[in-house]
Amino acid sequence: MLRTWRRSRARRSTARAATVSPPLRRLPAGPVTPSDPGRAAATPRTLTPADRFDFEGFGQPPGTRIRPVDPTLADALAHETGELLVLWPSLAAAERGAVDIAARFKLQPAERIELPHLDRVLTVYRLASTLNAADLKSHLTLAQRDWIVDYNTRYALLEKPRLYAAGKIGLRGPVKPARTVSIGLLDTAVEQIAALRRATIARKSFLRPGEMAAASAHGTALAALLVGEDAAAGFQGVAPGCALYAAEVVRRGEARETTNVALLLRATDWLIGQRVEVINASLGGPPNRLLHELLALLVERGVPLVAAAGNDGPAASPVYPAAYPDALAVTATDALDRVYAQANQGAYVDLSAPGVDLWVPGGAAGRYVSGTSFAAALVTGAVALHLAVNAAPATSVEAALCRSARDLGRIGRDPVFGCGLLQLGAQHRALR
């Protein structure tokens, strides 16, 4: 199934055109005037010695100069301050590139991370500000278009917990997978709650020293939906009996809990080393070239990535990684098969699953959760069940799940529900 997972669909091309970060806007020389639309008055910027580098075009004829570009405030908040990432195909390429960058910009990498299971090397550059990172990104992108260079983009958990009166939505009947499928989870830490006591879970944190771990409720809820069992409460996850590899990548910030591309790359490399067969990513944010490359590497290894479609509303922009063609994007529905009111919509949505007022165990009485995050977990479990029966499927996992999905909304595939509501009946009957 290595190449069958990759697909090119014309009907999704518009929503997915932004597979790389948009080109940085170059500002004309001279003062800003009120006639300049969308721009506010600004004072000239003076670089300190720590900030300064050679603004001659890297790889361009001597004397070529590139005007630094001011990123928008939204861009500054969406990335790790001053960090720029370069993803290399080999250690030798990373070393050569580091020499070139050092010669031009007097800048040494802050960190070099080998990703042996992805056959890549990640280099982290830390500059004094996001403004300087934007300058360097502009130079490197223009001079070496084949280099994979981008910011260390942040991604947030796609959870918006709300209480509804719709009641519990659960799965019925015991399921025993034909074989143990390993599931990867990119999320918060996972607590050892009663519903996970019998589950096989390997946990590993990828947070750096000094980073405070995010609250574990989100990852614990996803783990329960995937592999949990609580007989006393009558609760069962989609794929109990499967093994879960939980990669802790979400840290607590001043404004919200986020992760970033560097953390996702390191964690995914570990998951591939553990031979997981499907990965759940219930998080999202802007497009990023390194994240896009990561999806392509997963395709090469035949590992589907299930991602939450987003909770920013029907008019919101696409959320990544879900909006990349190689991801399986999942939206959420309620007990009456209506789409979650805050779910993103667009041609990139592949499938629907229950994700409104889902009861999950934890604490004294459990809790109800809502969001595309939780719908994505149900689909990830369904993928694991499919792989337990179909070790080498002739068609993609998405195609198989879409064939059994129940059509919702407009007849056929649509940007609200995708190809329809996930149906687990076929997988459950095959595994009982």
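Further up the page is the structure itself.
An account of the accompanying structure is given in this report.

What counts as what
Residues numbered from 1 in each chain as written. Predicted model: local features only at pLDDT ≥ 70, side-chain atom pairs only at ≥ 80, totals over all residues. Heavy atoms only, no water. Helix = DSSP H or I, 4+ residues; strand = E, 2+ residues; numbered from the N terminus. Buried < 20%, exposed > 50% of the residue type's maximum accessible area, 1.4 Å probe, protein only. Contact = heavy atoms within 4.5 Å. Areas by Shrake-Rupley, 256 points an atom, 1.4 Å probe, with all protein chains shown as cover. Expected span 1.5 Å × (residues − 1). Arc of directions from axis to C-beta. Pairing = 2+ DSSP bridges. Core = buried A, V, L, I, M, F, W, Y, C linked by side-chain atoms within 4.5 Å.

The next subject is the overall build of the chain. When its secondary structure is counted, the chain shows nine helices and 18 strands. Among the 432 residues that make up the chain, the fraction classed as buried is 54%. Looking at the chain alone, contacts between residues at least 24 apart form 77% of all its contacts between residues at least 6 apart. With the model as given, the accessible surface of the chain reaches about 18500 Å², and the carbon-plus-sulfur share is 54%.

Turning to helix H2 (residues 91–105), a few remarks are in order. An α-helix turns once per 3.6 residues; consequently, residues spaced three or four apart project the same way. Taking 1.5 Å per residue as the helical rise, H2 with its 15 residues ought to reach 21 Å, and the 21 Å between its terminal C-alpha atoms agrees with that figure. Buried within H2 are the following residues: Ala93, Ala94, Gly97, Ala98, Ile101, Ala102 and Phe105. Each buried residue of H2 sits inside an arc of 165° when the element is viewed along its axis, so together they form one side. Along H2, the residues that are exposed and aim more than 90 degrees away from the buried face are Arg96, Val99 and Ala103. Of the surrounding secondary structure, the elements contacted by the buried residues of H2 are strand E1 (79–88), strand E2 (111–115), strand E3 (120–126) and helix H3 (130–143).

Let us look at the pairing of strand E12 (residues 278–281). Side chains of E12 alternate between two faces, with Val278 and Asn280 and Ile279 and Ala281 buried alike. With three bridges connecting them, E12 and strand E14 (residues 305–308) associate as parallel partners. Opposite Ile279, over in E14, you have Leu305 as the bridge partner.

Formed by 107 residues in total, the largest nonpolar core has its most connected members in Leu122 and Val379. Ranked by residues supplied to this core, first place goes to helix H7 (residues 372–389) with twelve residues. Contact partners of Leu122, with chain neighbours within four places excluded, come to Leu85, Val86, Leu87, Glu111, Arg112, Ile113, Leu115, Ala262, Leu265 and Leu290. Core analysis: the second largest hydrophobic core is formed by 19 residues, Leu84, Ile101, Leu127 and Ala133 among them.

Attention now moves to helix H6 (residues 289–300). Given a rise of 1.5 Å per residue, twelve residues ought to cover 16 Å, and the 17 Å separating the end C-alpha atoms of H6 matches this to within 8%. Of all twelve residues making up H6, nine are buried, and the element is well covered by its neighbours. Residues of H6 that are buried include every one of Leu290, Leu291, Glu293, Leu294, Leu295, Ala296, Leu297, Leu298 and Val299, and no others. Of the residues trailing H6, Gly302 is marked for its positive phi of about 70°.

Put simply, Tyr320 and Pro321 share a cis peptide bond, and its omega is 15°. Mapped onto the secondary structure, Pro321 falls in the loop between E14 and strand E15 (327–333). A positive phi angle is found at Asp119, which is not glycine, with a value near 55°. Overall, Asp119 belongs to the partly exposed group, its relative accessible area being 47%.

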